[in-house]
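# What the coordinates show
Chain by chain, the residues run as shown.
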Amino acid sequence: MIKLVGLTGGIGSGKSTVAHMLRERGIPVLDADAIARQVVEPGQPAYGEIAAAWPEVIAADGHLDRKKLGAIVFSDPASQARLQAITHPRIREQVAVQAAVLAASGHRLAFLEAALLVETGYYQQLDGLVVVSLDEEAQVERVMARDACSRDSALARIRAQKPLADKIHVADHVIDNGGTVEATRARLAQILQTLEPPLEVSHATPGRPTRS
């Protein structure tokens with residue numbers, strides 16, 4: 001049985017950096033955003049539902065204009081909820097399929113990197129939750145630099161998600177990414193010591209890991 005742990009944080013907080021560190025250690029990381037792109041490809045059921053709801057986001061080549069769709073849903077909670085209702089069940093199906101493949105190939109620990117694990121409540125179905133934290137001003141600066149967007153746009157994206165404090169409240173483990181890369185890497189190693197399954201079969205009572 002594979003242990004699947006959630007990895008989340010705010011936009012620009014550095015969860016992708018932590019995901020890269022995990023992959024360097026040979027620990028698989030399922031990317032919810034990559035899976036989300038797969039489930040909205042032309043021909044997929046979610047694509048048809050999105051095209052019916054927002055025909056203006058279908059580009060001339062027939063593919064989804066994700067930037068245009070993002071601009072709509074980030075500014076309208078009702079549209080965001082509608083999109084999540086279309087895509088999230090399909091994303092979860094694919095996560096289950098990919099986790100089963102990893103388990104069959106011998107992996108005993110994997111992570112799911114996703115922005116909305118807490119907002120959707122999906123973290124409760126996983127075997128733990130790691131939250132990568134960063135103060136809001138640093139988040140804004142990183143999002144502006146990464147996406148070449150205005151400060152107002154960056155703030156709107158950040159505040160469309162739950163506050164980081166709410167995510168930290170339900171986390172099993174927290175990584176403060178406001179320091180050096182070495183500090184982040186050291187904190188991750190510390191967390192992995194508690195998450196990586198022992199070589200021998202454990203007879204401990206199953207449950208979510210203790211927060212640290």
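Residues numbered from 1 in each chain as written. Predicted model: local features only at pLDDT ≥ 70, side-chain atom pairs only at ≥ 80, totals over all residues. Heavy atoms only, no water.

### Remarks on the overall build of the protein
Cut-off, in case you're wondering: Helix and strand labels come from DSSP, where a helix needs a run of H or I of at least four residues and a strand needs a run of E of at least two; each type is numbered from the N terminus. In this description the radius of gyration comes from C-alpha coordinates, and the expected globular size is given by 2.2 Å times residues to the power 0.38. Buried means the residue's accessible area, taken with a 1.4 Å probe over protein chains only, is under 20% of the maximum for its type, while exposed means over 50%, and partly exposed covers the values in between. The contact criterion used is simple: two residues touch if any of their non-hydrogen atoms lie within 4.5 Å. The Shrake-Rupley method, run with a 1.4 Å probe, gives the accessible areas here. Residue values count only the displayed protein chains as cover. For the purpose of charge, His is not counted, nor are the chain termini; Lys and Arg are scored as positive and Asp and Glu as negative. Here the site of a charge means atom NZ of a Lys, CZ of an Arg, CG of an Asp or CD of a Glu.
Looking only at helices and strands, the protein has 10 helices and five strands in total. Computed over the C-alpha atoms, the radius of gyration of the protein is 18 Å, within 12% of the 17 Å expected from 2.2 N^0.38 for a compact globule of 212 residues. Seen through its principal axes, the protein has C-alpha atoms that stretch 55 × 40 × 25 Å. Evaluated residue by residue, the protein yields a buried proportion of 42% over its 212 residues. Considering only contacts within the protein whose residues lie at least 6 apart along the sequence, 74% involve residues at least 24 apart. When the accessible area of the protein is evaluated, it comes to approximately 11200 Å², of which 54% is carbon and sulfur surface. The average position of the 23 basic charges and that of the 25 acidic charges among the side chains of the protein differ by 2 Å.

### Some words on the nonpolar core
Applicable threshold: We define the nonpolar core as a collection of buried residues of types Ala, Val, Leu, Ile, Met, Phe, Trp, Tyr and Cys that are connected through side-chain atoms lying within 4.5 Å of one another.
Counting residues in hydrophobic clusters, the biggest one holds 35 residues, and the most contacted among them are Leu-4, Ile-50, Trp-54, Leu-69, Val-95, Leu-112 and Leu-117. Listing elements by their share of this core, those giving two or more residues are helix 2 (32-39), helix 3 (45-53), helix 4 (66-74), helix 5 (77-104), strand 3 (109-113), helix 6 (117-120) and strand 4 (129-133). Top element by residues in this core is helix 5. It accounts for six residues. The contacts of Leu-4, once residues within four sequence positions are left out, are Leu-30, Val-95, Ala-99, Ala-110, Phe-111, Leu-112, Leu-126, Asp-127 and Gly-128. Within the second largest apolar cluster, 17 residues are counted, among which are Leu-7, Ala-19, Leu-188 and Leu-195.

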